[in-house]
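Next come the chains, spelled out residue by residue.
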Amino acid sequence: MRIDKKNLPVHIAIIMDGNGRWAQKQGMMRLFGHQAGVKTVKKIVEAARETGISVLTLYAFSTENWKRPADEVSGLMSLLKSYLQNELDSMLKNNVRLSSIGQLENLPAEVQKVLKKSIAETAGNNGLILNLALSYGGRIEVISAARQLAELCLEGKIKPTDIDEELFESKLYTADLPDPDLLIRTGGEARLSNFLLWQASYAEIYFTDTAWPDFTRDDLFAAINSFQQRQRRFGRTSEQVIKK
Ligand code: IPE
Ligand code: IPE
Ligand code: MG
């Protein structure tokens with residue numbers, strides 16, 4: 001799949017879905033699908049880095065995913081921990097900076113520990129930003145921003161009329177990151193599932209039936225190619241966009 005290196009999405013966000021069904025279709029446990037999903041994560045991080053993508057956000061665990069059976073949740077948490085431990089060297093070698101968004105305080109203590117360590121150790125890297133959405137929910141993120149702003153109002157530090165898009169964004173988990181340009185969801189569902197509700201307002205969305213464990217570099221390039229065929233109008237007319 002041909003892609004134009006001069007018109008790349010700066011930030012790609014992916015809802016990595018379909019692991020469980022992929023495994024069950026083969027008569028395997030759902031966790032087998034998650035293990036296969038980790039292999040895809042490694043491949044796609046590498047592909048994004050080599051392509052020159054600036055930010056890759058991966059939706060790995062939602063605030064709603066805590067409702068899953070306890071053994072699946074603990075299986076996912078231990079996969080997350082081993083992924084972080086195993087990948088630190090490669091992140092350092094490849095100039096990848098790790099970051100994370102979500103209610104990180106809800107993650108098991110040992111996961112928080114390895115996450116903090118990897119974030120700190122890769123903080124000086126200036127290549128791909130790998131941003132993991134962990135215990136992430138778009139609604140709670142917006143609520144948390146609203147609460148912080150309400151506190152500042154009560155303390156008299158800001159007025160309600162000071163609240164604009166820029167100030168609001170500065171209180172989101174993604175304060176330091178650009179909005180996603182391309183949002184991919186694998187696994188056949190066409191919904192956002194509480195992902196980047198604020199930030200995705202002008203993302204180009206790409207849905208594919210391919211389950212995450214089967215998602216390849218070429219599938220990523222196909223999504224980027226689709227992105228590059230689209231005209232982003234941001235409310236304007238086609239003619240205005242062409243003239244610009
Ligand atoms: C996505 O795959 C991974 C997580 C949500 C953690 P799923 O586990 O949702 O897979 P399906 O949708 O059941 O196939
Ligand atoms: C969204 O997938 C969350 C992640 C991929 C981490 P889900 O499988 O949890 O979404 P729903 O429940 O089908 O909407
Ligand atoms: Mg799912």
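Counting restarts for each chain, with residues numbered from 1 along the sequence as it is written. Each chain gets a letter, beginning with A, and each ligand a number, beginning with 1, in the order they are written. A pLDDT threshold of at least 70 governs which residues receive local features in this predicted model, and a stricter bar of 80 or more applies before side-chain atom pairs are shown or counted, although totals over entire chains, interfaces and linings include all residues. Water and hydrogen atoms play no part in the side-chain values, which are based on all heavy atoms of the structure.

Focus on the pairing of strand 4 (residues 129–136)
Quick reminder of the rule: Partly exposed residues are those whose accessible area sits between 20% and 50% of the maximum for their type, while under 20% is buried and over 50% is exposed, using a 1.4 Å probe and protein chains only. A run of H or I in DSSP becomes a helix once it reaches four residues, and a run of E becomes a strand once it reaches two; helices and strands are each numbered from the N terminus. Should DSSP find at least two bridges between two strands, the strands are taken to pair. Crossover handedness is defined by viewing with both strands directed away from the observer: a clockwise path from the first strand over the helix to the second marks the crossover as right-handed.
For strand 4, a buried count of 8 out of 8 residues is recorded, marking the element as mostly surrounded by other parts of the structure. Relative to strand 4, strand 2 (residues 55–62) runs parallel, the two sharing 7 bridges. Each bridged residue has a counterpart across the sheet, and for valine 55 the counterpart in strand 4 is isoleucine 129. Pairing analysis gives 5 bridges linking strand 3 (residues 97–101) to strand 4, with the strands arranged parallel. Paired with isoleucine 101 across the two strands is alanine 133, which belongs to strand 4. For the crossover that starts at strand 3, traverses helix 4 (residues 109–121) and ends in the parallel strand 4, the hand is left-handed.

Quick notes on the site of ligand 2
Put simply, the test is: It suffices for a single heavy atom of a residue to lie within 4 Å of a molecule or strand for the residue to be listed as near it. Identification of polar contacts relies on pairs of N or O atoms within 3.5 Å, with a donor-acceptor requirement for protein atoms, meaning one able to donate a hydrogen and the other able to accept it, and with residues adjacent in sequence counted only if both atoms are side-chain atoms. With residues, only the protein chains shown are counted as cover, and all accessible areas are computed by Shrake-Rupley using a 1.4 Å probe. Think of it as three bins: nonpolar holds Ala, Val, Leu, Ile, Met, Phe, Trp, Tyr, Cys and Pro, charged holds Asp, Glu, Lys and Arg, and polar takes everything else, Gly as well.
Near ligand 2, the surroundings consist of Ile15, Met16, Asp17, Tyr59, Ala60, Phe61, Asn65, Arg68, Arg185, Arg191 and Ser193. With respect to ligand 2, the side chain of aspartate 17 contributes an N or O atom lying 3.1 Å from an oxygen atom. In the model, an oxygen atom of ligand 2 is placed 2.9 Å from a nitrogen or oxygen of the asparagine 65 side chain. Contact with the protein chains covers 79% of the free accessible surface of ligand 2, which is 390 Å². Of all the elements, strand 2 adds the most residues to the shell around ligand 2, at 3 residues. Per-class residue counts for the shell around ligand 2 are 5 nonpolar, 2 polar and 4 charged.

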